[in-house]
Amino acid sequence: MSDPASLPIAATFASIAADLAERLAAMITVTGPPLTQTAAELRAALPDTPDPQPVSRLQRLVAGLRLSPFERDLIVLAGLVNEHERLADVLGQLHPAGTPAATPAVAGALLCQATDQRPALVAALSSGPLIGAGLVRLGPGPFFTRTLELPPALWETLRGLDCWPPGLIAQPIPPLLGAGGWQRDPAVQRAVGALRTGTAPGAVPRLVLVTADDAGEARARAGALCRWAGARAREVRGDLTDPDLLRLAGLLCLVRGEVPVLAAADLAPAGSSTTVAEPLPEHPGPVLVCREPGTVVAAGGRPLIAVQARSPALAERVELWDALLPGLPAAAAELAVHRVGAVRAAEAVADARDLANAGGAELTPALVVQALHNRARHQLPHSVRLVRPSAPAADLVLDRRSLDLMDAALARCRHQVRVLQDWGLQRDRPGAGGVRLLFTGPPGTGKTYAAEVFAARLGLDLLVVDLSALVSKWLGETEKNLAAVFDAAEQSQAVLFFDEADAIFARRTETADAHARWANLETAYLLGRIEQFAGITLLATNLRANIDTAFGRRLDYVISFDEPDVAARERLWREHMREPAPIGPDVSFELLAQLYPVTGGVIRNAALAAAFMAAAGGGPITAGHVFTAVQREYEKAGRSFPGRPQALRPAAPERTEASISPHPAPAGAREAEFHGRKP
């Protein structure tokens, strides 16, 4: 075998190739002078200064897999054909089939100085680490005539080129900003320590599992772990279900001195179970796997370090925006209400910079918010609908107590950074940044409109949940849909709005059958998610009594939307029938408010219907149009119409509605009759 003293373990690829070329020239006298010249050219190509890297790529491979100098020389011999065309010609002449490649026979002649060394050659090319790690491949045929080959891209990588084989996409992971709070997590510190030791002698190779709700966030967190450890991360994507390709990915990362970062989704065969076998079990260094919830990665025999990339807390979000926008220090507190991870935040800042450059403007927090909304709008599940609210707060008709409660809720949303971070109140409580409101009252009292006003005053979108698409008859499907809804709300920083909330936040019942038990599980799941949700949740219901009492304890504000009194009804009539609509002089909003104790929804419908009747007649909106529209609204509800003033009653033959009684019932009785209650 080659003398370890003459070729030290840190020898470069070119120096070993030159030595082998000289030996080949001495063995083949006919082509000796050309090969001697080739060897001299290879030595002349060696740099005068040492390798700038403290460890050469070949040395990393040898040390990592604990290869002997003999096994190292076999690797170089297998790649020798790529070093010079003269070497390829000579090896082709020596190959039984004329293939320009080395064979075990050539390896024996060059590297085995004695006959008793040839069994070591057979062992190295049959069952040694060269074959087990996939470093050298043998073609078909009798043993000593088989072709020695290196796997794709290995020779180029050993020679210092940035090359990856077909089927693999590898790229560095950009630095992650603003994750200092996560760095203090004990599991994170343990993972950083394991990555720092790397492939050092005596180091235990570990599997570091990074779990996050978003694949991009897990990838960025994996890169941050490597950066904190002083290691280089390399994300490798492709069909990693191919064991040869996966093993090659590990080899190329080892040669480069990089930590392989793999996605669990790439390791799972299509249509298989969610359990993934241990990746790269023979890799001598740490392996990072990014996992989304729902996939199980087996650790095998190596120690496992599981790291959870949790949603950043409020203080961490402030730190994140400070790092992303160093020129806008005041923007961090404003943007910290957006519960996004580092990846989505960095993407939004890049989008906002592009918007600012395109418009010749400066980067502002408003542009960042716009970019966040643009990104979130394209990643929503089918069970939600994103609404850009534009409802003016001045049009919201509520009593003073309800308006004060809404103002208090808005203040709580706006001052989270001061109270929760600066003052430290309930900083570590799950869902501490969440605000939960219940709007309750009869239909048509403005609950949905108030939800739009609330979101508009915060400058946020409204994420309206479609209950028909959310609730499923299949077991477990509703919870899955709910999880997607809450995840979308966290990522989009929108106000999450459950209209007709009693349909899904219903009171739990006795577990008489399997259906009831499963419904109770859905309610229990909702209880947990809404308590841990750090965003803004709005529930609207017509029947507060149907809401489970456990939700009541988790609500921060309960705002009642009572039926409007006379003054509120007059204001509603004026709001829904205002200029530039042509209002006839006989229309009295005060009279309408006194005669008809209806809700704002009924007033809105009647005003619109009267306007269409007037448009069809080509004249202004008259009192007759309005009274007719109101009567139809009563008929739609199946209630008795109180009548219209005597002067506006139709002629006797056409009379179809009741006249106003000379002794009209009190307003409260008429109102109760309209809503089907006893006065």
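Look a little higher up for the structure.
Parameters at a glance
Residues numbered from 1 in each chain as written. Predicted model: local features only at pLDDT ≥ 70, side-chain atom pairs only at ≥ 80, totals over all residues. Heavy atoms only, no water. Salt bridge = Lys/Arg side-chain N within 4 Å of Asp/Glu carboxyl O. Buried < 20%, exposed > 50% of the residue type's maximum accessible area, 1.4 Å probe, protein only. Helix = DSSP H or I, 4+ residues; strand = E, 2+ residues; numbered from the N terminus. Pairing = 2+ DSSP bridges. Axes fitted to C-alpha atoms, helices over the stretch in contact; angles between N-to-C directions. Phe/Tyr/Trp six-rings, centres within 6.5 Å; stacked < 30°, edge-to-face > 60°. Lys NZ or Arg CZ within 6 Å of the ring centre and 35° of its normal. Contact = heavy atoms within 4.5 Å.

1. Overview of the pattern of salt bridges
Turning to step 1, where the next piece is worked out: Inspection of the entire model under this criterion finds 19 salt bridges.
Turning to step 2, where the next piece is worked out: Note that Asp73 is salt-bridged to Arg72, the shortest N-O span being 3.1 Å. Taken individually, Asp73 and Arg72 each receive the classification buried, so the pair is uniform in this respect.
Turning to step 3, where the next piece is worked out: A salt bridge links Arg237 to Asp266; the shortest N-O distance between them is 2.3 Å. Of the two residues, Arg237 sits in strand β5 (residues 232-238) while Asp266 sits in helix α14 (residues 264-267), which places them 29 residues apart along the sequence.
Turning to step 4, where the next piece is worked out: Taking the relative accessible area as the measure of exposure, Arg237 reaches 32% and is therefore partly exposed.
Turning to step 5, where the next piece is worked out: Given the relative accessible area of 14%, Asp266 is considered buried.
Turning to step 6, where the next piece is worked out: Through salt bridges with shared partners, one network takes in Arg219, Glu235, Arg237 and Asp266.

2. Quick notes on unusual backbone geometry
Turning to step 1, where the next piece is worked out: Following Glu579, the chain continues to Pro580 via a peptide bond in cis, the omega torsion being 10°.
Turning to step 2, where the next piece is worked out: Along the chain, Pro580 falls in the loop between α26 (566-576) and α27 (589-595).
Turning to step 3, where the next piece is worked out: Residue Ala153 is not a glycine yet carries a positive backbone phi of 75°.
Turning to step 4, where the next piece is worked out: Inspection of the secondary structure assignment puts Ala153 in the loop between β2 (148-149) and α9 (154-158).
Turning to step 5, where the next piece is worked out: Overall, Ala153 belongs to the buried group, its relative accessible area being 8%.
Turning to step 6, where the next piece is worked out: Positive phi, close to 50°, is recorded for Leu280, a residue that is not glycine.
Turning to step 7, where the next piece is worked out: With respect to the helices and strands, the residue Leu280 is situated in the loop between β7 (275-276) and β8 (287-291).

3. Considerations on the sheet that holds β5
Turning to step 1, where the next piece is worked out: An order of β3-β5-β6-β8-β4-β10 is seen for the 6 strands of this open sheet, with the pairing classed as mixed. Both outer strands of the open sheet, β3 (168-172) and β10 (304-308), are each paired with one neighbouring strand and no more. Sheet twist, expressed as the average angle between the axes of neighbouring strands with direction ignored, equals 25°.
Turning to step 2, where the next piece is worked out: Judged from the 5 bridges that link them, strand β4 (residues 207-211) and β8 form a sheet pairing that is parallel. Counted as the bridge partner of Val210 is Cys290 from β8.

4. Overview of the packing of aromatic side chains
Within a pair of aromatic rings, the relevant descriptors are the distance that separates the centres and the angle that separates the planes.
Turning to step 1, where the next piece is worked out: Across all of its chains, the model carries 9 aromatic pairs by this definition.
Turning to step 2, where the next piece is worked out: Three or more aromatic residues joined by ring pairs form one cluster here, namely Tyr596, Phe627, Tyr634 and Phe641.
Turning to step 3, where the next piece is worked out: The ring of Trp182 carries Arg221 above its face, with NZ or CZ at 4.7 Å from the centroid.

5. Observations concerning the sheet that holds strand β13 (residues 462-465)
Strand pairing in a sheet is mediated by backbone hydrogen bonds. Such pairs are either parallel or antiparallel.
Turning to step 1, where the next piece is worked out: The 6 strands lie next to each other as β11-β13-β14-β15-β12-β16, forming an open sheet whose pairing is mixed. In this open sheet, the two strands that pair with only one neighbour each are β11 (384-387) and β16 (557-560). Sheet twist, expressed as the average angle between the axes of neighbouring strands with direction ignored, equals 20°.
Turning to step 2, where the next piece is worked out: Taken together, the 4 bridges between strand β12 (residues 435-440) and β16 define a ladder with parallel strand orientation. When the sheet's bridge partners are listed, Leu437 is paired in β16 with Tyr557.
Turning to step 3, where the next piece is worked out: Running over the sheet, helix α19 (residues 400-414) touches β12, β15 (536-541) and β16 and is turned about 150° from β16.
Turning to step 4, where the next piece is worked out: The sheet strands contacting helix α21 (residues 447-458) are β12, β13, β14 (495-498) and β15, and the helix crosses β15 at an angle near 165°.

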